[in-house]
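Fold and geometry: a report
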Amino acid sequence: MSLFVFYYSNQDVGTKIKMSQAGISRMKAPLVPLGTLIGLEIRKETVEKPLIKYGNAALAKKGEDYFLVKLDCERVPGDPSSSFSVFAIFDGHNGISAAIFAKENLLNNVVNAIPNGCTRDKWLQALPRALVAGFVKTDIEFQQKGETSGTTVTFVVIDGWTITVASVGDSRCILETQGGVVSLLTVDHRLEENVEERERVTASGGEVGRLNVFGGNEVGPLRCWPGGLCLSRSIGDTDVGEFIVPIPHVKQVKLSSAGGRLIIASDGIWDALSSEQASKACRGLPAELAAKLVVKEALRSRGLKDDTTCLVVDITPSDYPALPPTPRRKQNKLTSLIFGKKLHKSINQSNNKLSAVGAVEELFEEGSAMLAERLGKDTPVDANSGGPLRCAVCQADEQPSDDLSINSDPLFSSATQPLEGPFLCTVCRKKRDAMEGKRRQNAK
């Protein structure tokens with residue numbers, strides 16, 4: 001009796017059934033063509049969520065580092081299929097209150113800035129703007145508490161194969177894809193290293209210089225005065241000045257189905273290790289062990305000079321639970337002499353193929369510190385709506401006034417015409433003006 005192997009359309013795709021020819025004739029359901037099944041399998045693979053595994057490790061010097069891991073977030077409450085994950089590091093300074101406040105409030109502020117009822121694609125498109133609004137709202141709320149501490153933030157949202165990273169300060173997030181390709185997903189906001197940020201701070205009314213010691217000598221890194229902060233962006237730092245802004249650099253990328261590894265860490269790691277060194281120190285190891293080895297390598301390299309916190313996140317296909325190490329070939333001297341060129345060419349071709357498999361698609365990147373540029377002009381405000389308008393930053397409702405929107409000029413505003421840009425309430429307009437130095441200019 002001959003046997004046939006086929007897929008039955010009422011069963012889950014991929015279930016094999018062996019039956020006799022007589023049994024086949026009694027089946028009422030039609031057979032699904034092989035080409036259709038292959039197409040279904042391919043589509044299934046492209047939409048299948050990756051497997052996420054993480055590890056964390058930390059060593060405390062001052063006890064001002066905090067981190068957040070939340071794997072069960074949902075775009076649509078009550079719908080597990082809409083889940084996304086959040087990983088974040090908060091490196092506090094001048095106390096811990098800003099880091100704790102940001103850890104407890106930032107995620108909700110970001111999510112609340114995204115319109116309800118979005119599809120997944122629309123949600124991801126709205127996320128970069130919502131991150132800006134969430135960071136600024138969190139900063140405003142913390143400063144209203146009257147405390148003076150501050151914190152860096154590196155905030156990572158993973159939805160399927162899409163990674164969105166928002167950051168202020170000098171905590172860093174790097175991405176390694178197959179083949180050992182390392183990419184930086186954040187920008188350091190250190191005055192010593194970032195010329196554009198130095199120029200922005202001075203243009204907004206701040207002063208940048210080194211610490212003066214006895215005799216007029218300057219020591220240490222560049223700092224912003226008043227306050228003496230080495231960073232140009234953070235959450236908090238009420239006593240430093242509004243030119244230290246909470247507006248994050250945001251980058252959004254999409255991984256191939258080969259996946260990748262994220263290393264998110266405070267500056268205690270990056271002051272000791274380069275991105276490549278951190279990646280190499282844990283390559284091919286499980287995430288939990290990898291995080292410990294990165295911290296250990298930083299400690300070995302520099303000693304414990306600062307709080308040191310590391311998160312390692314592996315994003316892999318669900319049937320491939322670990323990011324493999326970069327392939328290497330061993331050669332003896334004779335092989336190297338005879339076949340060296342051939343092997344070298346083969347290794348390069350192999351690495352090129354791996355790089356292509358692990359390719360990263362850049363979807364979005366913006367780092368401007370101008371709130372008007374980050375919130376955009378594509379949502380005009382109708383002054384004639386009659387009801388209260390919702391602030392694009394803090395989501396508070398407020399009755400419209402003459403100076404309605406983020407891009408409006410009160411000298412030319414007209415209550416009879418829609419104004420460009422999303423609406424800002426009175427509190428958030430004052431925050432915008434202060435960050436851009438307008439308060440200082442008006443005082444003159």
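Going by an unreviewed UniProt entry, the protein chain carries the name protein-serine/threonine phosphatase and comes from Kalanchoe fedtschenkoi.

Interaxial distance between helix α4 (residues 120–143) and helix α11 (residues 426–435) falls to 11 Å at its minimum, and their mutual angle equals 100°. Relative to α11, α4 is oriented roughly perpendicular. Contacts between α4 and α11 involve Val136, Asp139, Ile140 and Gln143 on the former and, on the latter, Val427, Cys428 and Lys431. In terms of residue class, the contact of α4 with α11 is made up of 4 nonpolar, 1 polar and 2 charged.

Take the sheet that holds strand β14 (residues 260–265) next. If you walk across this open sheet you meet the 5 strands as β3-β15-β14-β8-β9, and the pairing is antiparallel. Edge positions in the open sheet fall to β3 (51–59) and β9 (181–184), since each of these has one partner strand only. Ignoring which end each strand starts from, the neighbouring axes of this sheet average 20° apart. Summarising the sheet, strand β8 (residues 172–177) and β9 pair through 4 bridges and their orientation is antiparallel.

Attention now goes to the nonpolar core. Most often, soluble globular proteins have nonpolar side chains that are buried together. Val86, Phe90, Leu131, Phe135, Val153 and Phe155 are the most contacted members of the largest nonpolar core, which has 27 residues in total. Put simply, the parts of the chain that give this core at least two residues each are β4 (65–74), β5 (83–93), α3 (97–112), α4, β6 (150–159) and β7 (162–168). Ignoring sequence-local partners within four residues, the contact set of Phe135 consists of Leu106, Val153, Phe155, Ala166, Ser167, Val168, Ile235, Pro246 and Pro248. The next biggest cluster of nonpolar side chains, apart from the first, holds 18 residues, and it includes Ala57, Ala290, Ala298 and Cys310.

Before going further, it helps to spend a moment on the packing of α3 against α4. Across the interface, α3 lies against α4 with an axial gap of 9 Å and an inter-helix angle of 140°. With respect to α4, the element α3 is oriented oblique. Where α3 crosses over α4, the two elements pack in a sense that is right-handed. Along its contact with α3, which presents Ser97, Ala98, Phe101, Ala102, Asn105, Leu106, Asn109 and Val110, the element α4 presents Leu127, Ala130, Leu131, Gly134, Phe135, Lys137, Thr138, Glu141 and Phe142.

Here we come to the packing of aromatic side chains. Both the distance between ring centres and the angle between the ring planes are used here to describe each pair of aromatic rings. A complete count under the given rule lists 3 aromatic pairs for this structure. Summarising the aromatic geometry, the rings of Phe101 and Phe142 are spaced 5.7 Å apart at their centres and angled 50° between planes, so their arrangement reads as tilted. Taken together, the residues Phe101 in helix α3 and Phe142 in helix α4 connect sequence positions 41 residues apart. Comparing Phe101 with Phe142 shows no difference in burial state: the two are buried. We note Arg75 situated over the ring of Trp123; from NZ or CZ to the ring centre the distance is 6.0 Å.

Moving on, we come to α4. For α4, with 24 residues, the first-to-last C-alpha span of 33 Å sits near the 34 Å given by 1.5 Å per residue. Of all the bends found along α4, the most pronounced is centred on Leu127 and spans about 40°, while Pro128, a proline, follows it within four residues.

Between its first and last C-alpha, α3 extends 23 Å over 16 residues, near the 22 Å set by a 1.5 Å rise per residue. When the local axis directions of α3 are compared, the greatest deviation, roughly 40°, occurs at Asn105. Every buried residue of α3 is accounted for by Ala98, Ala99, Phe101, Ala102, Leu106, Leu107, Asn109 and Val110. Against the buried residues of α3 lie β4, β5, α4, β6 and β12 (235–236).

Nonpolar side chains collect at one region of the surface, where Leu211, Val213 and Val219 lie side by side and expose about 190 Å² of accessible area between them. As for its placement among the helices and strands, Val219 is situated in strand β11 (residues 218–225). Using a relative accessible area of 35% as the deciding quantity, one classes Val219 as partly exposed.

What follows is about the side chain of Arg429. Along the chain, Arg429 turns up in helix α11. Accessibility expressed as a relative area gives 10% for Arg429, which makes it buried. From its side chain, Arg429 meets the backbone oxygen of Leu424 in a polar contact 2.6 Å long.

Attention now moves to the pattern of salt bridges. It is possible for side chains of opposite charge to pair when their charged atoms get near one another. Scanning the model with the defined rule gives 23 salt bridges in all. For Lys49, the salt bridge identified is with Asp159, shortest N-O distance 3.9 Å. Note that Lys49 is positioned in the loop between α2 (34–47) and β3 and Asp159 in strand β6, a separation of 110 residues in sequence. For Asp159, a relative accessible area of 0% corresponds to the buried category. Put simply, Lys431 and Glu242 hold a salt bridge, and the shortest N to O gap is 2.7 Å. Taken together, the residues span a long stretch of sequence, with Lys431 in helix α11 and Glu242 in the loop between β12 and β13 (249–255) at a distance of 189 residues. Take Glu242: its relative accessible area is 21%, and that puts it in the partly exposed class. Salt bridges here are not isolated pairs; linked through shared partners, they connect Asp170, Arg190, Glu193, Asp267 and Asp271.

Quick look at the side chain of Asp267 now. Inspection of the secondary structure puts Asp267 in helix α6 (residues 267–270). The contacts of Asp267, once residues within four sequence positions are left out, are Asp91, Asp170, Ser171, Arg190 and Asp306.

About the cut-offs
- Counting from 1, residues in each chain are numbered in the order their sequence is written.
- Owing to the predicted nature of the model, reporting of local features is limited to residues with pLDDT of at least 70; listing and counting of side-chain atom pairs is limited to 80 or more, with chain, interface and lining totals taken over all residues.
- Hydrogens are left out, water is left out, and the side-chain values use all remaining heavy atoms of the structure.
- Note on geometry: axes are lines fitted to C-alpha atoms, helical ones only across the stretch in contact, with angles between N-to-C directions running from 0 to 180 degrees.
- Each helix is a run of DSSP H or I of at least 4 residues and each strand a run of E of at least 2, with the numbering of both proceeding from the N terminus.
- Angular relationships are summarised with four words: roughly parallel below 35 degrees, roughly antiparallel beyond 145, roughly perpendicular across 65 to 115, and oblique for the angles in between.
- We call two residues contacting when some pair of their heavy atoms lies within 4.5 Å.
- Amino acids outside the nonpolar list (Ala, Val, Leu, Ile, Met, Phe, Trp, Tyr, Cys, Pro) and the charged list (Asp, Glu, Lys, Arg) are all regarded as polar, and Gly is one of them.
- Strands are labelled as partners when DSSP assigns at least two bridges between them.
- Side-chain atoms within 4.5 Å are what join buried Ala, Val, Leu, Ile, Met, Phe, Trp, Tyr and Cys residues into a set we call a nonpolar core.
- Any residue under 20% of the maximum accessible area for its type is buried, any over 50% is exposed, and the rest in between are partly exposed; the area is computed with a 1.4 Å probe on protein chains only.
- Helix crossings fall into two classes, left-handed where the near helix is turned counterclockwise from the far one by less than a right angle and right-handed where it is turned clockwise.
- Here a Phe, Tyr or Trp ring, Trp counted by its six-membered ring, pairs with any other such ring whose centre lies within 6.5 Å, and the pair is stacked when the planes are under 30 degrees apart, edge-to-face when over 60, and tilted otherwise.
- Cation placement over rings: the criterion is NZ of Lys or CZ of Arg within 6 Å of the ring centroid and within 35° of the ring normal.
- One less than the number of residues in a helix, times 1.5 Å, gives the span that helix is expected to have.
- Here the bend at a residue means the angle between the axes of two seven-residue stretches, the one that ends at it and the one that starts at it.
- Without a salt bridge and with relative accessible area above 30%, a residue can belong to a patch; like charges are then joined within 9 Å and nonpolar side chains (Val, Leu, Ile, Met, Phe, Trp, Tyr) within 5 Å.
- All accessible-area figures derive from a Shrake-Rupley calculation using a 1.4 Å probe, and residue coverage is judged against the displayed protein chains alone.
- Only one rule defines a salt bridge in this text: a Lys or Arg side-chain nitrogen within 4 Å of an Asp or Glu carboxyl oxygen.
- Between N or O atoms, a polar contact is any pair within 3.5 Å; within protein, one atom must be a potential hydrogen donor and the other a potential acceptor, and residues adjacent in sequence are included only when both atoms are from side chains.

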